[in-house]
Structures are given as C-alpha cells and as structure tokens.
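The residues making up each chain are set out below.
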2 protein chains.
Amino acid sequence: MSVTTQSTIATFGGKLLKLAHDSSVLGSEAKFNLFLPPQAQKSKVPVLIWLSGLTCTADNCSEKGFFQHGASKHGIAVLYPDTSPRGIGIKGEDDSYDFGTGAGFYVDATAEPWSKNYKMYSYVTEELANTVFEAFKDQLDSSKVSITGHSMGGHGALSLYLKNPGKYKSVSAFAPISNPLKAPWGEKAFKGYFGEQDWEKKGAEHDSTELLKKWKGGPLDILIDVGTGDNFYKQKQLLPENFLAAAKEIGQEKGVNVRFQPDYDHSYYTMATFADDHVDHAAKYLFA
Amino acid sequence: MSVTTQSTIATFGGKLLKLAHDSSVLGSEAKFNLFLPPQAQKSKVPVLIWLSGLTCTADNCSEKGFFQHGASKHGIAVLYPDTSPRGIGIKGEDDSYDFGTGAGFYVDATAEPWSKNYKMYSYVTEELANTVFEAFKDQLDSSKVSITGHSMGGHGALSLYLKNPGKYKSVSAFAPISNPLKAPWGEKAFKGYFGEQDWEKKGAEHDSTELLKKWKGGPLDILIDVGTGDNFYKQKQLLPENFLAAAKEIGQEKGVNVRFQPDYDHSYYTMATFADDHVDHAAKYLFA
C-alpha cells in the first residue's frame, strides 16, 4: 500500500504531490496527484476528490483546472486520481478514447476481459481513499470528504455520491454524463464493462439519473455547471435535463442547481472559470 | 494584415480568441491568442502582452497561466504571441528545444540563415501590435500596454521594455533570462542569431542586464518572481542577481523587486500561483 512521491511542486502556497502506488484493485501501478494546502502543515484538512473525464490523467486538472486557487484559500486538499488502470495489456484497451485506457467510467466491470482490472469504482471509493488517508493521516481528515468532477468524472462524482449516502459531504459536477444509459458514451462503456446482456440492469446501478430517482438520503444540494457551447451537451451525451427531471420526480427540484453557462464549452477553460464556485460549494459542507 | 479567428472560447466571463494572420515580418502564418475581458464589450481596455518561454506556443499560458483570472477582474486584455516563426524549413530549425522553432528569443536575427524570418523583436514590438490594435480597434486601447513573460519571455519582456522607454506602461517577469550574455541559453541563441563574431556586441543590445546599466528612462518599478526550486535558476541560466546588481549600479535598487519564491519551480504551476500579482502590478500602471 505504500505511496511513492515522484515529485513535489510548490503551488498556491501549498504542495502538489505527484504520487504513485501499486494498486491491487487495478492490478497496475496507479498514479495520482494530491494538493496539500498550506494549512495542512498545521492541522488536518478536509479533502475534495476531483474525478477527471475521458482521456485525462491526474495532471490535466492539476495543471489547468485552477482548483488549487480556492482550495488554498479555504484549506482543502484536492485529490486527483487517474481515469483508468494503465498498461494492463488487454487487446483493444487503447483502441478508442471513450473506452478502456483513460475511460474507466468509475464502475467495477463485470464482463471479461475487463472485470479483473477495470474497477475504478472500488479504486476511488475504497482503495485509493484508504491508501491516501493512511499515507497522509497527519494532514488529511478522512471524515470530511467531498467529491466533484468533469464529464465522465462528473458522472463519477454524482454516481459515487448517490450510491453512498453520507460518505461524501457534498457533490458538484462540470458537464457530467448524467444519464449514461441514454447517452452514446454511456451505452458504449456499459456494454463493454457489463456485457451486452446486463448493461442496462448493471448500468442502472451507476446511472446518476436512475440513482437519483431512488434517492432516500435526505435534502440535496448539488451544483452542476454545463456550457451551452459544449459540443457534447449539444450531441446529447450529458443530458442534465434528465437529471433535473429525476430531481423533480422525487420532489428535490430545489436540491439540484444546474447552471447553464452561456457559450462555455467542454474544456478546462470552463473548469478554470468556475473552479472557485465549486470549491466554495464543497467548503460549505466540509467545514460545517 | 487580416486576422482570422480560428476559435472563440468563453473563459472568466470574457472570450479567449485563437487567432492567426500572415506575418510579413516572420514570413509565415503566425498564431496568437487574445483574451478579451467582459469589459471590452463596453469600452476599450488596456492590454497586457505575455511573452512565453522556450518550446511554448500561444496556448501554454492561455491554458495554464491563469492570467485570465486577474485580467477579467481588472478589465485588461491579454495578448499571447507565439515564440518563433514556424515551418520556415531552415535546416536545423527543429534540432533543439532552445534554438530555432519555439525559441525566437525576441530578437531580430542578423546572421544567415535566420535573419530573413527570425525577427520576433520586430514582430512583437511592431507588426503584431499594429495588427492587433487595428483588428480590435474598438476593444483595445493601444496607448495602454504593459508587458510580462516567463523565462525566454521574461528576457523578452524586460529587454523590450528597457529598449523602448515609455512604450510599455510597466514590466514584470517570471524567471527571466536576465543576463543572456552570461547564460548558456543566451550564448547559444545569440551566437546562432547574431553570428560567432558579433554575438556579444549585438547581444548586448538585447541583454536586459546590459540595457539596465544604460537606463535613462526614469524611476523603475519592475516585479520579478524567481523560484528557489527552479532548476534553471540553479543552473545559472536566469542570473537575477546580475540584474539586481545592475539596478544597484544605476541607483535603482528600489526599482527592481526580485521575489525569491521558496521551492517554486520553472513551471506554469508557478505562473498560476503569482499571476494575479503580476496582473495587479500591470493594472497599477495601465489604469493610472
């Protein structure tokens, strides 16, 4: 379970650690980044987990997302996992940008040949969390964790939050794939990871819109930003309206705030712009 | 002289324009980015020119520098030129990261075969400026321009400022190559662009430390950030102490503020951290 530090980078008064460990769940070395704000030198800080989208590594958001700005101000650590196991050697794992490498979809695959390694759900919710909280037990408060993410990672954040009531203090998302069962990306990923027979049944357990319909975890306060200029929104990959409709269905319309940002696109330019808002959102609950 | 818009990206309430034009000075198509803050929709805004370092294009700082954050707040446009002409076809132009493509050093080369195209000094000070101020005459105030940059671009910002008293309202820099005549990077570039005979004599006209010794332009207020963890600082490529010594020599020690940032490195993580300070610095003079 030991974590090795590959480099330490000073940023926003704190340190961005580029880390690696051997993941048993994924069966590969896994890299991740951890931003420790300056306050972590004095006392344990809460943690915001950022889940990235398709094709990303831990570095994209660390470099371009601007979350260190707000996290440093509030005194929140930010954990940036990778988006899949890497270098497993499965035939086809690198064939497309939206399945396999860089596209783990934050599920535990049940279909061969993916089921042995493509377990990003367990990786994020259990193994990585346990590893990080053990390795940084003096700096991180494991009882105060929030989650957020973008696109596939927005799907990750929402679904992990909804599947684990009370585990995360808050959730927010950028351009999340909110209803993967109804989106081309989601259908492709779920068919691959769960198999052609089971993909809808198993997929429903990881579909945030379906999960929301069944939500019994209390009043929600979910912040979502989607750009009206986002090509994937236009191509109906994100379907935030379905998520909103589910919220309405369970009487939690006020608990889901989808902000349609005029002209903003799917890129990190959008994350950078609204990162402070999402960190503020998490801070409300992490310091409550 | 016409500018074509390749894309428009919403960011920090404004627009990042990815632009291109045919540069006669460089003899190639040249790309550049221009951030227009929201205030530019109502009235002309001042401009901060950002000059990038070795290997960069206009995109690196646009994506990772976070200058849009402060620029949006103050109402300042940010102009991001490229770092050299591209695709000229000179033998050897792509051989090293620190000479030729991506390494124009903001000089006008006098030695063959570089002298026809490698004229980044004239490109930035004249052609690009004229092009941009003409194409965006309703949004930009050409009488209010400041300059900043990183590494080779820090050298660019300081030398352009010192060579043109009054042209720029202020200058700042990140990890600038402050005394290229005494740095391996500078010696290599100047020998290549000015020739083995002339490189020291011609180089002195572009060496910020030499230029500072001769400064007659009035009281200075230069902000420079250098990371103590910066490997190029440790390898004596930057030599800020020489620049400071020159300032002392001319009685302007108070006019040059070199902040040695503990552990910070040469990367954009450092720019992102202190970008607001540099934009604030420029704002003081752009809105004076």
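Parameters at a glance
Residues numbered from 1 in each chain as written. Chains lettered and ligands numbered in written order. Predicted model: local features only at pLDDT ≥ 70, side-chain atom pairs only at ≥ 80, totals over all residues. Heavy atoms only, no water. 1 Å grid on protein atoms, 1.4 Å probe; cavity = no way out; pocket = protein on both sides within 12 Å on 5 of 7 lines; lining within 4 Å. Points joined across faces, edges and corners; volume = space filled by probe spheres on them. Nonpolar A, V, L, I, M, F, W, Y, C, P; charged D, E, K, R; others polar. Salt bridge = Lys/Arg side-chain N within 4 Å of Asp/Glu carboxyl O. Helix = DSSP H or I, 4+ residues; strand = E, 2+ residues; numbered from the N terminus. Axes fitted to C-alpha atoms, helices over the stretch in contact; angles between N-to-C directions. Parallel < 35°, antiparallel > 145°, perpendicular 65-115°, else oblique. Left-handed = near helix turned anticlockwise from the far one by under 90°. Contact = heavy atoms within 4.5 Å. Least-squares fit on C-alpha atoms with pLDDT ≥ 70 in both. pLDDT = per-residue confidence, 0-100. Pairing = 2+ DSSP bridges. Buried area = accessible area lost by both parts, 1.4 Å probe. Polar contact = N/O pair within 3.5 Å; in protein donor to acceptor, adjacent residues only side chain to side chain. Bend = angle between axes of the 7 residues up to and from the residue. Buried < 20%, exposed > 50% of the residue type's maximum accessible area, 1.4 Å probe, protein only. UniProt positions renumbered as here; feature names shortened; annotations may be inferred. Arc of directions from axis to C-beta.

Caption draft 1: Structural context of the layout of surface pockets. All names here are of chain A. Of the voids in this model, the largest pocket is the one considered here, and its volume is about 300 Å³. Considering the residues around the largest pocket, the lining is formed by 18 residues, among which Cys-56, His-150, His-266, Ser-267 and Tyr-268 are closest to the centre. Here the residues of the lining of the largest pocket are counted per class, giving 8 nonpolar, 7 polar and 3 charged.

Caption draft 2: Representation of the pattern of salt bridges. As enumerated under the stated definition, the model contains 24 salt bridges over all chains in all. A salt bridge links B:Lys15 to A:Asp263, with the nearest nitrogen and oxygen atoms 3.0 Å apart. Of this pair, B:Lys15 sits in strand S2 (residues 14–23) while A:Asp263 is found in the loop between strand S9 (256–261) and helix H9 (268–286), placing the two residues in two different chains. Members of the salt-bridge network, linked through shared partners, are A:Asp225, A:Arg259 and A:Asp277.

Caption draft 3: View of the packing of helix H2 (residues 67–74) of chain A against H9(A). All names here are of chain A. Two numbers describe how H2 lies on H9: the axes approach to 7 Å, and their chain directions differ by 30 degrees. Classified by the angle their axes make, H2 and H9 are roughly parallel. Viewed along their axes, H2 and H9 form a crossing whose handedness is right-handed. Across the interface between the two elements, Phe-67, His-69, Gly-70, Ala-71, Lys-73 and His-74 of H2 pack against Met-271, Ala-275, Asp-276, His-278, Val-279, Asp-280 and Ala-283 of H9. Here the residues of the contact of H2 with H9 sort into 6 nonpolar, 4 polar and 3 charged.

Caption draft 4: Molecular detail of the relation of the copies chain A and chain B. The transform that puts chain A on chain B rotates by 180 degrees and translates by 0.0 Å along the axis, for an RMSD of 0.0 Å. Expressed as a symmetry operation, the mapping of one chain copy onto the other fits a two-fold axis. Measuring from the rotation axis to each C-alpha of chain A, the shortest distance belongs to A:Lys64, at 2.5 Å. A shared binding surface is used by both copies, with 92% of the interface residues of chain A retained as interface residues in chain B.

Caption draft 5: Region of interest: the confidence of the model for chain A. With 100% of its residues at a pLDDT of 70 or more, chain A shows a mean pLDDT of 98. What the predictor reports for the complex is a pTM of 0.97 with an ipTM of 0.95.

Caption draft 6: Representation of the sheet that holds strand S1 (residues 3–11) of chain A in the model. Residues and elements named next belong to chain A. Spatial strand order, S1-S2-S3-S5-S4-S6: 6 strands in an open sheet with mixed pairing. Two strands lie at the open edges of the sheet, namely S1 and strand S6 (140–149), each paired on one side alone. Averaged over all pairs of adjacent strands, the angle between their axes in this sheet comes to 25 degrees, without regard to strand direction. Packing of helix H3 (residues 120–135) onto the sheet brings it into contact with S1, strand S2 (14–23), strand S3 (28–36), strand S4 (45–51), strand S5 (77–81) and S6, and relative to S2 it is tilted by some 120 degrees.

Caption draft 7: Highlighting the interface of chain A and chain B. Listed as interface residues are 25 residues of chain A and, on the opposing side, 23 residues of chain B. Taken together, the two surfaces of chain A and chain B that pack against each other cover about 1900 Å², and 60% of this comes from carbon and sulfur. Among the residues of chain A in contact with chain B, A:Glu63, A:Phe66 and A:Tyr269 are the three that bury the most area, contributing 34% of the side total. A salt bridge links A:Glu63 to B:Lys64, with the shortest nitrogen-to-oxygen separation between them at 3.8 Å. Remark: the boundary between chain A and chain B carries 12 residue pairs in polar contact (both at pLDDT 80 or more). Class assignment of the residues belonging to the side of chain A that touches chain B gives a composition of 9 nonpolar, 9 polar and 7 charged.

Caption draft 8: Structural view of H9(A). Residue and element names in this part refer to chain A. Where H9 bends most, the angle comes to about 55 degrees, and this point is Phe-274. For H9, the buried fraction is high: 15 of the 19 residues fall into the buried class. Its side-chain oxygen placed 3.1 Å from the backbone nitrogen of Tyr-269, Ser-267 serves as the N-cap of H9.

Caption draft 9: Spatial organisation of the UniProt feature "active site" (unreviewed entry) in chain A. All names here are of chain A. The positions that UniProt labels "active site" (unreviewed entry) are, in the present scheme, Ser-151, Asp-230 and His-266. The named residues occupy 116 residues along the chain; their greatest pairwise C-alpha distance, 10.8 Å, places them in one compact cluster. Taken from the residues named earlier, the lining of the largest pocket is made up of Ser-151 and His-266. Positionally, Ser-151 belongs in the loop between S6 and helix H4 (152–163). For Ser-151, a relative accessible area of 2% corresponds to the buried category. Beyond its immediate stretch of four places on either side in the chain, Ser-151 contacts Gly-53, Phe-174, Ala-175, Pro-176, Ile-177, Trp-185 and His-266. Inspection of the secondary structure puts Asp-230 in the loop between strand S8 (222–227) and helix H7 (231–234). What makes Asp-230 buried here is its relative accessible area of 0%. Each residue touching Asp-230, except ones within four places of it in the same chain, is listed here: Ala-175, Leu-238, Tyr-264, Asp-265 and His-266.

Caption draft 10: Highlighting helix H8 (residues 240–249) of chain A. All names here are of chain A. Burial in H8 covers these residues: Pro-240, Phe-243, Ala-246 and Ala-247. For H8, the arc enclosing every buried residue in end-on projection is 115 degrees, short of the 170-degree limit, so these residues lie on one face. Seen from the open side of H8, the exposed residues pointing more than 90 degrees away from its buried face are Lys-248 and Glu-249. Buried residues in H8 make contact with H4, helix H6 (208–213), S8, H7 and S9. At the C-terminal side of H8, Gly-251 shows a positive phi close to 75 degrees.

Caption draft 11: Main features of the pairing of strand S5 (residues 77–81) of chain B. All names here are of chain B. Counting buried residues in S5 gives 5 out of 5 residues, a clear majority hidden from the surface. Residues Ala-77, Leu-79 and Pro-81 of S5 are buried on one face, and the alternating residues Val-78 and Tyr-80, pointing to the opposite face, are buried as well. Note: strand S3 (residues 28–36) against S5, 4 bridges, orientation antiparallel. When the bridges of S5 are listed, Phe-32 appears paired with Pro-81. Judged from the 3 bridges that link them, strand S4 (residues 45–51) and S5 form a sheet pairing that is parallel. In the sheet register, Leu-48 faces S5, and the bridge partner there is Val-78.

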